[in-house]
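# Reading the structure
Below are the chains, spelled out letter by letter.
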Amino acid sequence: MKFGIPKSLALILGIAGLLLQACGGGGGGDSPSPPPPPAATYTLSGVVLPASGAAIDSDVNDPLAPYQSNDTIAEAQLIANPVILSGYVNQPRRGAPGRSFNTGDVRDFYRVALLAGQQLNLFIAEDGVFNDLDLGLADLAGNLIDVSVGQQRVESLTAPADGEYLVVVEAFNGASNYVLTIGQPLPSVEAGVRLSDPFVPSEAIVLLEERAAARSGGWRAQAQELGWSAGREEETEPRNMLFDLTALQRTGALAAATPGWTELQIPDPELRDKLETLYAIKALNRDPGVKVASPNFIRQTSFVPNDPLYRFQWHYPLINLPQAWGLTTGSDTIVAVIDTGVVLGHPDLQGQLVPGYDFIRNPANAGDGDGIDPDPTDPGDRANPDGSSTFHGTHVTGTVVAATNNSEGVAGVAFNAKVMPLRALGRLGGTDYDIEQALRFAAGLPNDSGILPARRADVINLSLGGPGFSAASQAVYDQARAAGAVIVAAAGNQATSTPFYPAAYSGVIAVGAVDINKQQAPYSNFGPWLDVAAPGGNTARDVNGDGKPDGILSTSASDGGGTLVNDYTFLQGTSMAAPHVAGVIALMKSVAPDLTPQDVADLLASGALTEDLGAPGRDDRFGHGLINAYKAVTAAINRGGHPVDPTPILMVNPAAMNFGTTLASQTKTVLNGGAGILTVNPPTEDSGGWLRVTPTQVDANGLGVYTLAVQREGLADGVYRATVTFDSNAGTLQASVIMQVASTLSAGAVGQQYVLLIDPATGETVADVAARPQADGSHTFTLSGVPAGTYQIFSGSDSNNNLLICDAGESCGAYLTLDSPILVDVDRNLSRLEFASGLTVNLAEFQLTGADEREPVETGLRRGSRRQIGAGP
């Protein structure tokens, strides 16, 4: 949402006044009355200070702003880390008239030092579709590393390693202000698709607009015109379809993709194919007949391969499973396992399966010589380093339902349940489309097999995933859940908070992993989208000293010698954690068949299904806690909960600090967010000397305010990172600290400032002036000839030169503060009026996406119509 104030209204009104005077009439014989004495006027002066860490694009559209081209690699603008930067790009003849209107300012290049894992976020002021900006990352030689090219108002990338990079903002279409931020990862933000995301080149999953399809003779007719023919004739509702983009372009149904990034090299042909795919999908999403088009993302299995020695089934007592078996063993329930398929002849799975299906379309990926077929046998993926196969789906299946008490092999969590094996992952992983078809089959929905199961699954397990949100896929998961299936998915093994799909989709239970000590496994993903934890193991350890690594033991097979041998192996990963949860939910359904997916979600959120780990209540490392089979079955029987005794919670605020290039010290507060006694030991840090932590106002228990100070003297230019560790009787928290030494960077900058004097009664601009920039990044201003009265003072940039300051993506400030501008009584000259101008990002606003979503609306002062002032971006 944009807020703006006209910067030149006063000038226009002043010219009009002069014209009226020049055209004033004469004539008449009376002597003129003496003119009234001139009203007293006053002068206001002061300084606008730049907000800390702010920066400005050096070639914005405003003709009065200082100019330095940053349009090429050689001209890349050096910026600090962390930073919040305001900029503007435009295609030729797009946007407001100004410096770059005719020729265009298509690309802005920035040069910055980044640390591995740091996040770059581009917030687009305009709609993101008709004014579409993309974000790129390249090495200093100009080789493209990654791009984010969605059609949303947020694009996001992650630095793959420590080093210096080129960051590129490109106007693919239209014109827009933008805000570029570099620093710590943000909370979950729905961003564009990245080149680094795994997806199938030249394929797109497309959902047609129902109304558009109806106008052209039905959705099936329109789809068939585009070359799609799968599905059953009796299907009446549009659903996701898979299109070959190369074929569409060859027939002329889709124009050839024209990626930008002309200044950068893309030497890898596969990378170029993926880039062209993303731009073809952009074109499809601009077609009014297409509701949504997405890449065909590839999901991978979520185990972490390691040594061939793994661990016994310590993981069942860890979740109180033997106690739950005294109540139920899972009779009359079905768990669908969407995975690599199953070794159907494994002796510990005999009698444990119901008919399934193979949904891998591509024979090369399937490895079984054909496309989709009724045989879910896993022929092996040859994915291990030695050329043998993982038999991942067999391992997952055994965790859920391996035959138990049969004097052979291992036990399963719900060993009297049945598994519906559905094959969607092959030698190359699995595509969204194939996985969706398996999901639809499991839920009893129409799918490409043309058949439905005799009975849908009660629970669906997906030990697979990858990055990349798809609105179309979210809709399929919503449909499966609405059909009554509880969906469980692995949270992923990247040790990151980046959303991992399908686990991060709404309505899916996301499962993280713990080790034998109930600690978060070192590989397990985390974040606000995580729901629950379960045993995933850690094969690098042998805590219980049994001579085997602490992995998850389950059914498997071996084909390393050229002959298939039924086997049992130890694996680690969130892939192994998820079937523990799926099996426990099957136990719950066996004693309470009417439990709905929402019932399970509500019980999970109440704490009735878990042992609380980490901070009391839900947290981003363990979700609602470690799954507890006995509590879960008891909760299903009683539909009740088990309250958790309050305990101390160690809290540190803020959790991370950025000192940038100028800040010398900041404070951090350590507090007890729970009940009981919390004792905190003196904090430690690992900076090697450039960071100092000292207690400022701290009580005998170690709670209170600490001062963190950095010392840059003697350090080489670069970005430095350290961790401050707080140990307590309630656990340990680590706080990240980032600092930069940059002798060549200037002070913070917020762009050419325009200072406006506003009549608060009418919202009109009484006077305005272009402030004078100073070497320290500040701007001085003088407003002369101001009549006596009561006013408000605002200042801001106008990067897009639309005669409005304080638009989205532009700096904004007010005297004394932007959130609460004060009234200034002018009855004398006033000087030393000092206030700050800076940039803010409203995350909720930037989540608006798509051409048919609500577009940004100007709601500020415009041509004297006052509605709201100073809200900023």
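Per chain, residue numbering runs from 1 following the sequence as it is written. The model is predicted, so local features are restricted to residues of pLDDT at least 70 and side-chain atom pairs to those at 80 or more, both for listing and for counting; the totals for chains, interfaces and linings are taken over all residues. As a rule here, side-chain values come from all non-hydrogen atoms in the structure, and water together with hydrogens is ignored.

## Examining the sheet that holds strand β32 (residues 684–685)
On the basis of which strands lie adjacent, the open sheet formed by 4 strands has the order β30-β36-β35-β32 and mixed pairing. Looking at which strands have only one partner, the edges of the open sheet turn out to be β30 (656–658) and β32. At least two bridges found by DSSP between two strands is the condition for calling them paired. Helical segments are the DSSP runs of H or I of at least four residues, strand segments are the runs of E of at least two, and each set is numbered from the N terminus. Bridge analysis of strand β35 (residues 718–728) against strand β36 (residues 731–741) gives 11 bridges, and the strand direction is antiparallel. Paired with glycine 718 across the bridge in β36 is valine 741.

## Regarding the state of the cysteines
Disulfide assignment relies on a single distance test, namely cysteine sulfur atoms paired within 2.5 Å. Considering all chains together, one arrives at 1 disulfide under this definition. Between cysteine 806 and cysteine 812 runs a disulfide, and the two sulfur atoms are separated by 2.0 Å. Because the torsion about its S-S bond is 80°, the bridge between cysteine 806 and cysteine 812 counts as right-handed. Taking the relative accessible area as the measure of exposure, cysteine 806 reaches 1% and is therefore buried. Accessibility here uses a 1.4 Å probe with only protein chains present; expressed as a share of the type maximum, an area under 20% marks a residue as buried, one over 50% as exposed, and anything in between as partly exposed.

## Describing the packing of aromatic side chains
Working definition: a ring pair exists when centres of Phe, Tyr or Trp rings (six-membered ring for Trp) sit within 6.5 Å. Plane angles under 30 degrees give stacked, over 60 give edge-to-face, the rest tilted. Inspection of the entire model under this criterion finds 15 aromatic pairs. Ring plane angle 70° and centroid distance 5.9 Å describe the contact between tyrosine 706 and phenylalanine 726, whose orientation is recorded as edge-to-face. Placement of tyrosine 706 in strand β34 (residues 704–710) and of phenylalanine 726 in strand β35 is noted, with a sequence separation of 20 residues between them. Assessed through its relative accessible area of 0%, phenylalanine 726 is described here as buried.

## Let's talk about a negative patch on the surface
Residues Asp268, Glu270, Asp273 and Glu276 make up a contiguous surface patch of negative charge. As for its placement among the helices and strands, aspartate 273 is situated in helix α5 (residues 269–285). Aspartate 273 sits in the partly exposed class, given a relative accessible area of 37%. A patch is a set of surface residues, each over 30% in relative accessible area and not in a salt bridge, joined within 9 Å for like charges and within 5 Å for the nonpolar side chains Val, Leu, Ile, Met, Phe, Trp and Tyr. Note on areas: Shrake-Rupley, 1.4 Å probe, and residue coverage restricted to the protein chains presented here. Salt bridge criterion: a side-chain nitrogen from Lys or Arg within 4 Å of a carboxyl oxygen from Asp or Glu. Residues scored as charged are limited to Lys and Arg (positive) and Asp and Glu (negative), so that His and the chain ends carry no count. Think of each charge as sitting on NZ of Lys, CZ of Arg, CG of Asp or CD of Glu.

## Observations regarding the sheet that holds strand β5 (residues 83–90)
Strand order in this open sheet of 5 strands is β3-β5-β12-β7-β10, and the pairing throughout is mixed. Here the strands that pair on one side only, and so sit at the sheet edges, are β3 (54–56) and β10 (154–158). Pairwise comparison of adjacent strand axes, ignoring direction, gives a mean angle of 20° for this sheet. Here strand β7 (residues 119–124) runs beside β10; their pairing, made up of 5 bridges, is antiparallel. From the neighbouring strand, phenylalanine 123 faces β10, where its bridge partner is valine 154. To get an axis, fit a line to the C-alpha atoms, keeping to the stretch in contact for a helix; angles then go from 0 to 180 degrees between the N-to-C directions.

## Describing the packing of helix α9 (residues 392–401) against helix α12 (residues 574–591)
Two measures define how a pair of helices packs: the angle their axes make with one another and the distance between the axes. Two elements in contact, α9 and α12, have axes separated by 8 Å at closest approach and are oriented at 35°. By crossing handedness, the relation of α9 to α12 is classed as right-handed. Side by side, α9 and α12 meet where His392, His395, Val396, Thr399 and Val400 of the first sit next to Ser575, Met576, Pro579, His580 and Gly583 of the second. Gly falls in the polar group here, along with every residue not listed as nonpolar (Ala, Val, Leu, Ile, Met, Phe, Trp, Tyr, Cys, Pro) or charged (Asp, Glu, Lys, Arg). In terms of residue class, the contact of α9 with α12 is made up of 4 nonpolar, 6 polar and no charged. Here is the rule for handedness: rotate from the far helix to the near one, and if that takes an anticlockwise turn smaller than a right angle the crossing is left-handed, while a clockwise turn gives right-handed. It only takes one pair of heavy atoms within 4.5 Å for two residues to be counted as in contact.

## Looking at the environment of aspartate 348
By the element assignment, aspartate 348 lies in the loop between β16 (334–339) and β17 (357–358). For aspartate 348 and asparagine 566, which are 218 residues apart along the polypeptide, the C-alpha to C-alpha distance reads 9.2 Å. In contact with aspartate 348, not counting residues within four places along its chain, are Ala402, Ala403, Asn406, Glu408, Gly409, Val410, Thr555 and Tyr568. In protein, a polar contact means a hydrogen-donor-capable atom and an acceptor-capable atom, both N or O and within 3.5 Å, with residues adjacent in sequence counting only if both atoms are side-chain atoms; elsewhere, any N or O pair within 3.5 Å suffices. Side-chain polar atoms of aspartate 348 contact the side chain of tyrosine 568, separated by 3.5 Å.

## Describing the environment of glycine 356
On the secondary structure map, glycine 356 appears in the loop between β16 and β17. Along the backbone, glycine 356 and aspartate 375 are 19 residues apart, and their C-alpha atoms lie at a distance of 7.0 Å. Among all residues touching glycine 356, those that are not within four sequence positions of it are Pro374, Pro376, Met420, Pro421 and Leu422.

## As for the pattern of salt bridges
Counting across every chain of the model gives 17 salt bridges. Between lysine 282 and aspartate 134 there is a salt bridge whose closest N-O contact spans 3.1 Å. Of this pair, lysine 282 sits in helix α5 while aspartate 134 sits in strand β8 (residues 132–138), and the two are 148 residues apart along the sequence. For aspartate 827, the salt bridge is made with arginine 828, and the minimal N-O distance between the two is 2.9 Å. You can call aspartate 827 partly exposed: its relative accessible area is 46%. In this structure arginine 828 comes out as partly exposed when scored by relative accessible area, which is 48%.

## What about the packing of α12 against helix α14 (residues 629–638)?
The geometry of α12 relative to α14 is characterised by a closest axis approach of 8 Å and an angle of 25° between their N-to-C directions. As far as their axial angle goes, α14 and α12 are roughly parallel. Along this stretch, α12 crosses α14, giving a crossing that reads as right-handed. Facing α12, whose interface residues are Val584, Leu587, Met588 and Val591, α14 presents Ala629, Ala632, Val633, Ala636 and Ile637. Oblique is the label for any angle not covered by the other classes, which are roughly parallel (under 35 degrees), roughly antiparallel (over 145) and roughly perpendicular (65 to 115).

## Quick notes on the side chain of asparagine 81
Positionally, asparagine 81 belongs in the loop between β4 (77–78) and β5. On the basis of relative accessible area, asparagine 81 is assigned to the buried category, the value being 0%. Looking at asparagine 81, its side chain comes within polar contact range of the main-chain oxygen of alanine 113, at 2.9 Å. Reaching out from asparagine 81, the side chain makes a polar contact with the side chain of glutamine 118 at a distance of 2.6 Å. If near-sequence neighbours (up to four positions away) are discounted, asparagine 81 is found in contact with Val112, Ala113, Leu114, Leu115, Gln118, Ile182, Gly660, Val719 and Gln740.

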